[in-house]
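Okay, here's what each chain looks like letter by letter:
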Amino acid sequence: MKAGEHRAAGSVYYVFLAGMALLCLAPVVLMVVTSLKVRTQIFSDTLTFFFIPTVSHYAEAFGDAALTRTLGNSMAVALFATALTMAAGCMAAYALARFSFFGRGVVSGATLLMRMVPPAVLVAPIFMLWTYQFGISDTLSGLVLAYTALNLPFVIWILQSFFAQTPPQLEEAARLDGANPFQTFFFVILPIVAPGMAAAAIFAFRIAWNEFILALVLTNRFTRTIPVEISLSISEHNIAWGKVMAVGTLIAIPPLIFTFIASRHIVKGLTAGAVKG
Amino acid sequence: MRAGYATRLSRIAPYVFMAPAVLIMAGALLWPLAHSVWLSFHEWKLGTPQDAAVFTGLENYRILLGDPDTLTSLRVTLVFAFTVVTLEVALGVGLAILLERPIRGMNALRSIFIMPMMIAPIVVGLLWRYMYNEQFGPLAQLLLLFGVEESPPWLSSPDWALASVIIADVWQWTPFIFILALAALQSVPTSVVEAARMDGAQARQTVFYVKLPLILPVVIVAALLRLIDAFKVLEVIFIMTEGGPGLSTEILSMRIYKTAFEFQQLGRASALSNLLLLLVAAISVGLVLFNKLRERANESG
């Protein structure tokens with residue numbers, strides 16, 4: 001009796017969980033499904049569950065030279081921004097985790113506060129500085145710089161805890177063996193925190209790949225990234241939903257791949273700061 | 001000689017390690033923020049040379065604070081932020097309590113739950129704009145199955161639009177609170193729960209008087225983090241409604257963008273930016289203070 005009740009309660013739990021999973025999934029699945037439907041099926045006002053999928057919208061997207069260029073831009077910007085963020089971020093996080101130096105408190109506090117800045121606040125001044133002071137508006141490097149700066153506070157914050165967890169005896173041993181601090185960092189410490197670095201890199205890539213509002217004001221026709229391109233194609237009057245959903249799916253793919261290969265790390269990153277760590 | 005070199009090297013090491021990150025953040029975050037303060041005291045129109053900026057003192061702030069649209073936008077922002085956080089915390093914590101037990105297949109489920117947070121905000125906006133389409137959107141089709149012929153004006157009516165964008169945000173972020181609350185619940189020591197049961201506490205009493213108080217600090221910090229993020233929302237609303245219809249979903253971030261790039265008033269946009277920044281800073285200070293209190297409480301007990 002008791003066991004039966006327990007089992008019944010158990011299946012209710014799983015029905016509940018499945019329902020939640022379905023709610024999370026449904027809009028994403030619908031996007032993918034829509035991208036595989038022909039025009040008449042998309043604009044039909046009844047639900048169609050069974051249909052012959054078509055890749056015509058993807059073919060159209062990849063046949064569009066402007067669109068493939070924006071895809072390439074997005075990839076280049078996200079990869080370079082991630083590399084730069086990781087290089088600068090790892091060194092900074094290590095210094096904050098392991099050294100006491102003049103200005104450490106200020107830098108650490110400022111880094112934390114920078115995370116809170118809404119991107120909209122930066123749009124006007126960054127546009128102005130990039131255009132008039134640095135002369136890098138409309139360039140991909142300008143975007144890489146903006147994303148690196150935007151990502152650094154967050155990445156430093158996550159990485160710091162990974163560096164803090166490495167045993168200090170390692171540095172001591174390396175020092176006694178005659179290694180200088182730079183050798184110790186590159187050859188002893190970095191290899192140990194590689195998993196943490198992978199998690200941080202996923203975050204940096206995701207933010208650079210997904211970012212829209214700065215890209216909107218800092219790029220032109222040739223340096224546009226894919227989120228900007230898609231926003232322009234839905235401001236038209238007759239939205240080509242099939243193609244838009246195909247491009248939306250393409251944008252969603254890289255982050256989704258990361259989600260499935262590293263969900264545990266990602267949860268740790270998302271919750272850094274809420275749970276002590 | 002060699003030893004002197006080594007000490008000197010380790011003395012400069014932290015500065016060398018810090019330099020690239022500090023330079024980048026100073027140049028591309030701090031400088032823009034400082035520039036925004038400078039800009040907010042000037043009138044400068046988009047497209048004119050930079051030296052055409054005219055110093056106008058506090059004029060931008062005076063105009064903004066006297067403009068009923070700013071106040072509307074501020075109200076929309078506050079309603080949006082506090083409503084989404086309240087709903088997400090209530091739903092997330094509630095579900096975590098309901099489902100708290102070792103769950104088989106949690107790894108796969110976790111991937112599914114974090115999906116909405118991982119995809120681009122712009123894609124989230126797109127998804128929901130499609131969901132809400134009144135002619136052929138999935139929600140309209142679903143309602144049709146139940147005999148509702150006329151779809152609610154999800155995004156086209158000023159009375160509905162704010163609720164509709166709130167639903168999209170709740171969809172995206174409730175799993176965040178859920179995952180956090182579940183992890184916190186599962187880390188409550190079994191001995192504490194056992195002790196409560198020995199003292200004759202019912203299951204419900206254990207939840208409300210033992211478990212909830214124990215996970216409260218985590219929930220509060222998560223809620224504050226979400227609140228800060230809710231003030232950062234822009235792209236989802238940009239794609240779904242562009243702040244409309246009317247001003248019904250015009251959050252401050254949206255208004256900053258429009259002031260700068262549609263009305264071309266960069267000085268005024270900067271002033272508005274600084275007001276938003278003050279708002280977020282106030283919440284951040286609250287978060288830092290709360291964490292300090294928590295640390296102190298942990299140390300003393």
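Residues numbered from 1 in each chain as written. Chains lettered and ligands numbered in written order. Predicted model: local features only at pLDDT ≥ 70, side-chain atom pairs only at ≥ 80, totals over all residues. Heavy atoms only, no water.

S.K.: So what's going on with the overall build of chain A? Residues and values would help.
M.R.: In terms of regular secondary structure, chain A is built from 14 helices and zero strands. Along the chain direction, N to C, the helices and strands of chain A fall in the order α-α-α-α-α-α-α-α-α-α-α-α-α-α. Its C-alpha radius of gyration of 23 Å places chain A more than 25% over the 19 Å reference for a compact globule of 277 residues. Projected onto its principal axes, the C-alpha positions of chain A cover 75 × 70 × 30 Å. Here chain A holds 277 residues, and the buried ones make up 52% of them. Intrachain contacts of chain A at a sequence separation of at least 6 include 73% that bridge at least 24 residues. Summed over its atoms, the accessible surface of chain A is roughly 12,300 Å², and 69% of this surface lies on carbon and sulfur atoms. Separation between the mean location of the 16 positive side-chain charges and that of the 11 negative ones in chain A comes to 7 Å. (Helix = DSSP H or I, 4+ residues; strand = E, 2+ residues; numbered from the N terminus. Rg over C-alpha atoms; globule rule 2.2 N^0.38 Å. Buried < 20%, exposed > 50% of the residue type's maximum accessible area, 1.4 Å probe, protein only. Contact = heavy atoms within 4.5 Å. Areas by Shrake-Rupley, 256 points an atom, 1.4 Å probe, with all protein chains shown as cover. Lys, Arg positive; Asp, Glu negative; His and termini not counted. Charge placed at Lys NZ, Arg CZ, Asp CG, Glu CD.)

S.K.: A description of the interface of chain B and chain A should follow, citing residues and the corresponding values.
M.R.: Between chain B and chain A, the contact holds 99 residues from the first and 100 residues from the second. Both faces combined, the contact of chain B with chain A buries some 9,100 Å², and carbon together with sulfur accounts for 80% of it. Of all residues in chain B, the largest losses of buried area upon contact with chain A belong to Phe17, Met118 and Tyr130 of chain B, amounting jointly to 9% of the total for that side. For the pair chain B and chain A, the number of links is zero salt bridges. The interface formed by chain B and chain A includes eleven residue pairs in polar contact (both at pLDDT 80 or more). With 24 residues, helix α1 (residues 2-40) of chain B is the largest single contributor of residues to the side of chain B that touches chain A. When the residues that make up the side of chain B that touches chain A are grouped by side-chain class, the tally is 74 nonpolar, 17 polar and eight charged. (Buried area = accessible area lost by both parts, 1.4 Å probe. Salt bridge = Lys/Arg side-chain N within 4 Å of Asp/Glu carboxyl O. Polar contact = N/O pair within 3.5 Å; in protein donor to acceptor, adjacent residues only side chain to side chain. Nonpolar A, V, L, I, M, F, W, Y, C, P; charged D, E, K, R; others polar.)

S.K.: Please set out the domain arrangement of chain B residue by residue, giving values where relevant.
M.R.: According to the domain assignment, chain B contains domain 1 (1-30) and domain 2 (41-300). For domain 1 of chain B and domain 2 of chain B, the distance between their C-alpha centroids amounts to 38 Å. (Domains from an automatic or database assignment.)

S.K.: If you had to explain the nonpolar core to someone new, which residues and values would you point to?
M.R.: Phe163 of chain A together with Phe113 and Phe178 of chain B are the most contacted members of the largest nonpolar core, which has 190 residues in total. In terms of residue count, the dominant contributor to this core is helix α7 (residues 158-186) of chain B (16 residues). Structurally, this core is a two-domain feature, drawing no fewer than three residues from each of domain 1 (1-30) and domain 2 (41-300) of chain B. Those residues within four positions of Phe113 of chain B in sequence are excluded, and the remaining contacts are Leu17, Met20, Ala21 and Cys24 of chain A together with Met106, Pro175, Phe178 and Ile179 of chain B. (Core = buried A, V, L, I, M, F, W, Y, C linked by side-chain atoms within 4.5 Å.)

S.K.: Describe the packing of aromatic side chains, with residues and values.
M.R.: Under the criterion given, the structure shown has 29 aromatic pairs over all chains. Where Phe101 of chain A meets Tyr15 of chain B, the ring centres are 5.7 Å apart and the plane angle is 70°; that geometry is what we call edge-to-face. Of this pair, Phe101 of chain A sits in the loop between α4 (65-98) and α5 (104-114) while Tyr15 of chain B sits in helix α1, each in a different chain. With a relative accessible area of 40%, Tyr15 of chain B lands in the partly exposed category. Here the aromatic rings of Phe113 of chain B and Phe178 of chain B are separated by 5.4 Å at their centres, their planes lie at 85°, and the arrangement is edge-to-face. Here Phe113 of chain B, found in helix α4 (residues 106-118), pairs with Phe178 of chain B, found in helix α7; they are 65 residues apart in sequence, far enough to count as distant. (Phe/Tyr/Trp six-rings, centres within 6.5 Å; stacked < 30°, edge-to-face > 60°.)

S.K.: Residue-level account of the environment of Ser270 of chain B, with values.
M.R.: Structurally, the position occupied by Ser270 of chain B is in helix α12 (residues 266-300). We classify Ser270 of chain B as buried; its relative accessible area is 0%. As for Ser270 of chain B and Gln172 of chain B, which are separated by 98 residues in sequence, their C-alpha atoms are 29 Å apart. Dropping the residues within four chain positions of it, Ser270 of chain B is found in contact with Ala124 of chain A together with Ser36, Leu39 and Ser40 of chain B.

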